[in-house]
Amino acid sequence: MKLQNRFQFITVEDEDDGGIAVVTMNRPDKRNALSLEMMRELTEAFRAIGSQRRARAIILRGEGAAFSAGHDLRELQCQDAAVYREIFDACVVLMETIQSVPQPVIAEVTAIATAAGCQLVATCDLAVASTEAKFATPGVRIGLFCTTPMVALTRAIGRKRALEMLLTGDFIDAATAADWGLVNRAVPPERTHEEALKLARKIGEASRSIVGLGKSAFYKQIDLDQARAYEYAKQVMTDNALAQDAQEGIGAFIEKRTPSWRD
């Protein structure tokens, strides 16, 4: 994956011989604030990794004392509507890209994630947090309600809990985030990367094409009513059953052998 030297504000590295891509937000002096340029770099990186056949999972992390403190507030001072729209459009494109790439994206959160940084965690398909991590949507405290973070947060943790975070701006700890469903698990700080890799490797054991199909189907059905969700899901499952890797997996299970995925 030849992305290592392309970016100014992020880094991209390989784990497991390219099977896992690790994307690191690298503005530690700015608490990994999501500037317009950094959001564009993240979007470009996710799209590039998404097209790589070898990559089976992506880990998103932040360098330094914050996963991400949200939007770069210096870019939100004294601008006109067109500039604000450009910034928030870039944010939405980034969030949609994370959920549209075929590889599952795992947030590795070792420190604070606030506002649009918390939105990033809620948007990622999975999340592993250090027990030292904290989460908040504190925009209401500075007069800028976390409206775009609200979209991802509500879908991750539900209405009442999301509104509590949005209206108070208070932090929740990693254990609460796990209990509420914002993250999958909270682990000791020294194990955070190891646990994220463990999860990525477990996902990597399955067929890349089938994982991508399932991820896409998950997001398409989630906001449908039940009848339409089942109508959509049965068509996807029919197409899935026709796939070469499905027949290989079924045959391997029956024959008690390890499947050989064609992806």
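In this report, we go over the structure that sits alongside the text. (Residues numbered from 1 in each chain as written. Predicted model: local features only at pLDDT ≥ 70, side-chain atom pairs only at ≥ 80, totals over all residues. Heavy atoms only, no water.)

### Considerations on the overall build of the protein chain
Helix and strand counts for the protein chain stand at 10 helices and 10 strands. Relative to the 2.2 N^0.38 estimate, which gives 18 Å for 263 residues, the radius of gyration of the protein chain is 19 Å and therefore close to what a compact globule would have. Considered along the principal axes of its C-alpha atoms, the protein chain spans approximately 65 × 45 × 40 Å. A total of 263 residues make up the protein chain; the buried ones form 45% of that total. For the protein chain, restricting intrachain contacts to residue pairs at least 6 apart in sequence, the fraction spanning at least 24 positions comes to 67%. Accessible surface for the protein chain amounts to roughly 13700 Å². Of this, 52% is attributable to carbon and sulfur atoms. The average position of the 32 basic charges and that of the 35 acidic charges among the side chains of the protein chain differ by 3 Å. (Helix = DSSP H or I, 4+ residues; strand = E, 2+ residues; numbered from the N terminus. Rg over C-alpha atoms; globule rule 2.2 N^0.38 Å. Buried < 20%, exposed > 50% of the residue type's maximum accessible area, 1.4 Å probe, protein only. Contact = heavy atoms within 4.5 Å. Areas by Shrake-Rupley, 256 points an atom, 1.4 Å probe, with all protein chains shown as cover. Lys, Arg positive; Asp, Glu negative; His and termini not counted. Charge placed at Lys NZ, Arg CZ, Asp CG, Glu CD.)

### With respect to the nonpolar core
Nonpolar side chains in soluble globular proteins generally cluster together in the buried interior. Formed by 55 residues in total, the largest nonpolar core has its most connected members in L42, L60, F135 and L182. Here L182 is in contact with C118, V121, A122, A127, F135, L153, I157, I172 and A177, once residues within four sequence places are set aside. (Core = buried A, V, L, I, M, F, W, Y, C linked by side-chain atoms within 4.5 Å.)

### Observations concerning the pairing of strand 3 (residues 57–62)
In terms of burial, strand 3 is largely enclosed, as five of its six residues are buried. Of the pairings in the sheet, the one linking strand 2 (residues 20–25) to strand 3 comprises six bridges and is parallel in character. By the bridge assignment for strand 3, M25 is matched with G62. With helix 1 (residues 36–50) bridging strand 2 and its parallel neighbour strand 3, the resulting β-α-β unit is right-handed. Where strand 3 meets strand 5 (residues 105–109), four bridges bridge the pair, whose relative direction is parallel. Bridge assignment links L60 to a residue of strand 5, and that residue is A107. (Pairing = 2+ DSSP bridges. Right-handed = clockwise from strand over helix to strand, strands pointing away.)

### Observations concerning the environment of A127
Tracing the backbone shows A127 in strand 7 (residues 126–130). When its relative accessible area of 1% is taken as the criterion, A127 is described as buried. For the pair A127 and N184, spaced 57 residues apart in sequence, the C-alpha separation works out to 5.4 Å. Setting aside anything within four residues of it in sequence, one finds A127 in contact with A107, V121, L182, V183, N184 and R185.

### Overview of the packing of helix 8 (residues 208–221) against helix 9 (residues 226–242)
Viewed as axis vectors pointing N to C, helix 8 and helix 9 meet at an angle of 170°, and their least axial separation amounts to 10 Å. Considered as vectors, helix 8 and helix 9 are oriented roughly antiparallel to each other. Between helix 8 and helix 9, the contacting residues are I210, L213, S216, A217, K220 and Q221 on the first element and A229, Y232, V236 and N240 on the second. Here the contact of helix 8 with helix 9 is composed, by residue class, of six nonpolar, three polar and one charged. (Axes fitted to C-alpha atoms, helices over the stretch in contact; angles between N-to-C directions. Parallel < 35°, antiparallel > 145°, perpendicular 65-115°, else oblique. Nonpolar A, V, L, I, M, F, W, Y, C, P; charged D, E, K, R; others polar.)

### Looking at helix 3 (residues 116–123)
Every α-helix carries 3.6 residues per turn, so stepping three or four residues along brings you back to the same face. With eight of its eight residues buried, helix 3 lies for the most part within the structure. All of the buried residues in helix 3 are A116, G117, C118, Q119, L120, V121, A122 and T123.

### A short note on the packing of aromatic side chains
Applying the stated criterion across every chain yields a total of one aromatic pair. Each ring, one from F218 and one from Y219, has its centre 5.1 Å from the other, and the planes form 90°; the classification is edge-to-face. Accessibility expressed as a relative area gives 42% for F218, which makes it partly exposed. Given the relative accessible area of 24%, Y219 is considered partly exposed. It is R27 that lies over the ring of F9; its NZ or CZ is 5.3 Å from the centre. (Phe/Tyr/Trp six-rings, centres within 6.5 Å; stacked < 30°, edge-to-face > 60°. Lys NZ or Arg CZ within 6 Å of the ring centre and 35° of its normal.)

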